[in-house]
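So you can see what is in the structure, the chains are spelled out below.
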Amino acid sequence: MQYKGRGFTVVCAVVATLAGFLMLLTFLSHSAESENEEELPKKFFIAPPPFTPGIFPCSQCHQGMPANRKPRKLEQMHQDIVLKHMPNGWCFDCHNPDDRDKLRLANGRLIKFEESYYLCGQCHGTVFRDWKVGLHGKRTGMWNGEKKYLLCVNCHWPHEPTFKPIQPLPPPVRPSDIK
Amino acid sequence: MKREKKNRRELSLGRRTFLKGAALGLAATALPFNKADASFWEAFFQKRFHEMNDAEKKQVIERLEREAEQKYKKAIKIGNEKAIPGVLFGYGLDLSRCIGCRRCVYACVEENNQSKDPQIHWITVLRFRKGEKWVDLEGSEKYYNPPMVPEKDYFYMPVQCQQCENPPCVRACPTQATWKEPDGIVVVDYNWCIGCRYCMAACPYGARHFNWSEPGRKPEEINPNTHYLGNRPRFRGVVEKCTFCIQRTRNGRYPACVEACPVGARKFGNLLDPASEMRYLIEHKRVFRLKEELNTNPKFYYFFAYGR
């Protein structure tokens with residue numbers, strides 16, 4: 001009787017711990033999810049990231065390749081990328097060394113390339129705030145319905161993000177030039 | 001005696017009938033009976049746009065569509081969407097982002113069927129040197145043409161119709177051919193405009209433009225999705241202006257210039273909706289309106305997103 005009772009208590013304790021752990025897990029994942037949902041307006045659609053054709057997924061080459069975390073000049077691949085963004089920046093400030101198909105926030109959270117605005121928003125908080133309400137960046141679509149947003153990287157090449165000068169369209173005809 | 005009087009009356013009557021007949025005859029020669037189809041007389045007796053009922057509007061629009069099709073040899077849809085209740089359109093332009101590339105100017109021309117020769121642009125982009133007094137617009141340059149924009153030490157300000165709540169052009173019009181719609185867009189009825197250009201003189205923003213000759217545009221360049229009060233084909237001798245792309249915005253779409261801007265400097269929304277981006281920018285950014293001191297109360301807000 002006594003033995004059976006103790007066994008029962010042990011089982012109960014294990015079940016309770018497991019249940020508690022599960023609850024904690026669901027709570028954590030749920031809170032993370034709702035955080036994401038809250039931050040963006042409901043009716044929107046974001047353009048896909050402007051990958052160079054064939055470059056994604058990164059794992060097609062990087063799979064099994066050991067991550068060399070040492071800042072160096074790239075010689076075999078990606079030589080065209082000159083980082084003119086953060087002083088003394090390096091690939092793994094944003095790219096995730098262990099799974100290259102993801103980006104990594106400063107707090108260690110892994111995000112998809114489609115959500116890269118979280119990464120940019122880490123430093124450019126005021127711009128991120130304006131982008132979310134629809135002030136920063138281009139909007140197309142419906143003013144009273146579904147809007148199409150662009151990712152930061154659709155306009156700002158992340159390795160050198162300043163906007164490049166473009167050629168203006170022709171000026172209006174001067175009255176003196178009208179025949 | 002009596003007989004004589006009668007004779008005189010006959011004589012004078014004869015003169016009057018002669019004059020009447022002559023006048024009628026003259027009128028008949030003046031009126032072009034050779035093109036006296038129903039269309040001509042319908043156009044001649046067309047009422048003012050807001051005096052027409054829906055059936056009459058439909059009839060007028062059908063006739064205009066028919067005429068436009070004959071002229072341009074392609075089907076042109078002339079819409080008549082009414083203002084959406086509870087909507088007052090407002091426009092925002094971020095001067096800290098505009099790079100003066102004039103993409104908006106030409107997107108507007110494509111969308112709104114302006115004449116290409118002679119050239120009509122509804123948007124004028126002004127260039128100013130940084131650090132100089134500029135807000136009176138006197139030192140502005142609109143013919144700038146560098147190889148690349150933005151240029152160092154310059155900034156740019158596109159100007160178009162400011163869609164004033166208190167529009168001086170509307171008051172100047174002697175025929176009431178221009179008016180403010182319930183959603184705040186100032187429109188022109190091109191069939192009622194007599195081309196006196198008083199509104200152009202009254203507008204402090206230079207936003208109204210005149211068709212000095214028959215609008216020059218190739219049929220294949222005509223945008224067939226039009227609105228009666230907006231981008232439908234115009235005639236020689238009428239005034240035209242920006243309508244916030246009434247044919248798009250009344251169907252929920254953004255104006256063409258908003259979608260063309262490569263830097264996203266142009267914002268558009270409903271001023272009566274507290275959740276709209278227009279309300280956010282007015283409440284959170286440094287905002288000014290052009291020539292505010294004239295009490296025109298524009299709904300076109302220039303703002304600076306950089307800095308606060």
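## Observations concerning the overall build of chain B
Helix and strand counts for chain B come out as nine helices and 12 strands. What you see for chain B is a C-alpha radius of gyration of 25 Å, clearly larger than the 19 Å of a compact globule of 308 residues, by over 25%. If you line up chain B on its principal axes, its C-alpha atoms span 100 × 40 × 40 Å. Looking at chain B residue by residue over its 308 residues, the buried ones come to 38%. Sequence separation of at least 24 residues holds for 66% of the intrachain contacts in chain B that already meet a minimum separation of 6.

## Some words on the overall build of chain A
Across its full length, chain A holds five helices and five strands. Seen in sequence order, chain A has helices and strands lined up from the N terminus as α-β-α-β-β-α-α-β-β-α. Here chain A, with 179 residues, has 9% of them falling under the buried criterion. A sequence separation of at least 24 residues applies to 53% of the contacts in chain A between residues at least 6 apart.

## Concerning the nonpolar core
Side chains of nonpolar character tend, in soluble globular proteins, to be buried together. Grouped together as the largest cluster of nonpolar side chains are 62 residues, with contacts concentrated most on Cys104, Cys108, Phe244 and Cys257 of chain B. In terms of residues, this core owes the most to one element, helix α4 (residues 103–112) of chain B, which gives five residues.

## Comments concerning the pairing of strand β10 (residues 266–270) of chain B
All names here are of chain B. Within β10, five of the five residues are buried, which leaves it mostly tucked inside the rest of the structure. Pairing analysis gives five bridges linking strand β2 (residues 89–94) to β10, with the strands arranged antiparallel. In the sheet register, Tyr91 faces β10, and the bridge partner there is Phe268.

## Points about helix α9 (residues 277–284) of chain B
Note that an α-helix has 3.6 residues per turn; residues three or four places apart therefore point the same way. For α9 of chain B, the complete set of buried residues consists of Glu277, Met278 and Leu281 of chain B. The buried residues of α9 of chain B occupy one face: seen down the axis, they fall within an arc of 105°. Looking at the buried side of α9 of chain B, the elements it contacts are α4 (125–133) of chain A together with β2, β10, β11 (286–288) and β12 (300–304) of chain B.

## As for the sheet that holds β2 of chain B
Residues and elements named next belong to chain B. Overall, mixed pairing links the four strands, which are arranged β10-β2-β12-β11 in an open sheet. A single partner strand is all that each edge strand has here, and the edge strands are β10 and β11. Neighbouring strand axes in the sheet, compared pairwise and without regard to direction, differ in orientation by 30° on average. Pairing of β2 with β12 involves four bridges; the strand directions are parallel. In the strand pairing of β12, Leu93 is matched with Tyr302. Along the sheet, α9 contacts β2, β10, β11 and β12; its crossing angle with β10, the most-contacted strand, is approximately 110°.

## What to know about the environment of Gln160 of chain B
For Gln160 of chain B, the location among the structural elements is in the loop between β4 (154–159) and α5 (168–172). Leave out the neighbours within four places in its chain, and Gln160 of chain B touches Trp122, Ile123, Ala207 and Cys242 of chain B.

## What about the pairing of β2 of chain B?
The buried fraction of β2 of chain B is high, at six of six residues. Covered by surrounding structure in β2 of chain B are Phe89, Tyr91 and Leu93 of chain B together with Gly90, Gly92 and Asp94 of chain B, the residues of both alternating faces.

## Looking at unusual backbone geometry
All names here are of chain B. Across the junction of Asp117 and Pro118, the peptide omega takes the value 0°, indicating a cis bond. Locating Pro118 in the fold gives a position in the loop between α4 and β3 (124–129). Note the cis peptide between Val149 and Pro150, where omega equals -5°. You can see Pro150 is positioned in the loop between β3 and β4. One non-glycine residue, Gln176, adopts positive backbone phi at about 55°. By the element assignment, Gln176 lies in the loop between α5 and β5 (178–180). Its 14 C-beta neighbours within 10 Å are what place Gln176 among the partly exposed residues. We note that Arg197 has phi near 65°; this positive angle belongs to a residue other than glycine. When you line up the elements, Arg197 lands in the loop between β6 (186–188) and α6 (198–202).

## Here we look at the confidence of the model for chain A
Of the residues in chain A, 75% reach a pLDDT of 70 or more, and the chain-wide mean stands at 80. Taken together, the stretch residues 28–35 of chain A has pLDDT below 50 and engages in zero contacts with residues farther than four places along the chain or on a different chain.

## Let's talk about the confidence of the model for chain B
Mean pLDDT over chain B stands at 90; residues scoring 70 or higher make up 92%. Across the interfaces of the predicted complex, the ipTM metric reaches 0.82, alongside a pTM of 0.81.

## Quick word on the environment of Pro262 of chain B
Looking at where Pro262 of chain B falls in the secondary structure, it is placed in the loop between α8 (256–260) and β10. By C-beta crowding, Pro262 of chain B is classed as partly exposed, having 14 other C-beta atoms within 10 Å. In this structure the C-alpha to C-alpha distance between Pro262 of chain B and Ala177 of chain B, which are 85 residues apart in sequence, comes to 35 Å. Setting aside residues no more than four positions away along its own chain, Pro262 of chain B makes contact with Ile166 of chain A together with Cys101 and Arg103 of chain B.

Analysis parameters
- Residues numbered from 1 in each chain as written.
- Chains lettered and ligands numbered in written order.
- Predicted model: local features only at pLDDT ≥ 70, side-chain atom pairs only at ≥ 80, totals over all residues.
- Helix = DSSP H or I, 4+ residues; strand = E, 2+ residues; numbered from the N terminus.
- Rg over C-alpha atoms; globule rule 2.2 N^0.38 Å.
- Buried ≥ 20, exposed ≤ 12 C-beta atoms within 10 Å, placed from the backbone.
- Contact = placed C-beta atoms within 7 Å.
- Core = buried A, V, L, I, M, F, W, Y, C linked by C-beta atoms within 7 Å.
- Pairing = 2+ DSSP bridges.
- Arc of directions from axis to C-beta.
- Axes fitted to C-alpha atoms, helices over the stretch in contact; angles between N-to-C directions.
- pLDDT = per-residue confidence, 0-100.

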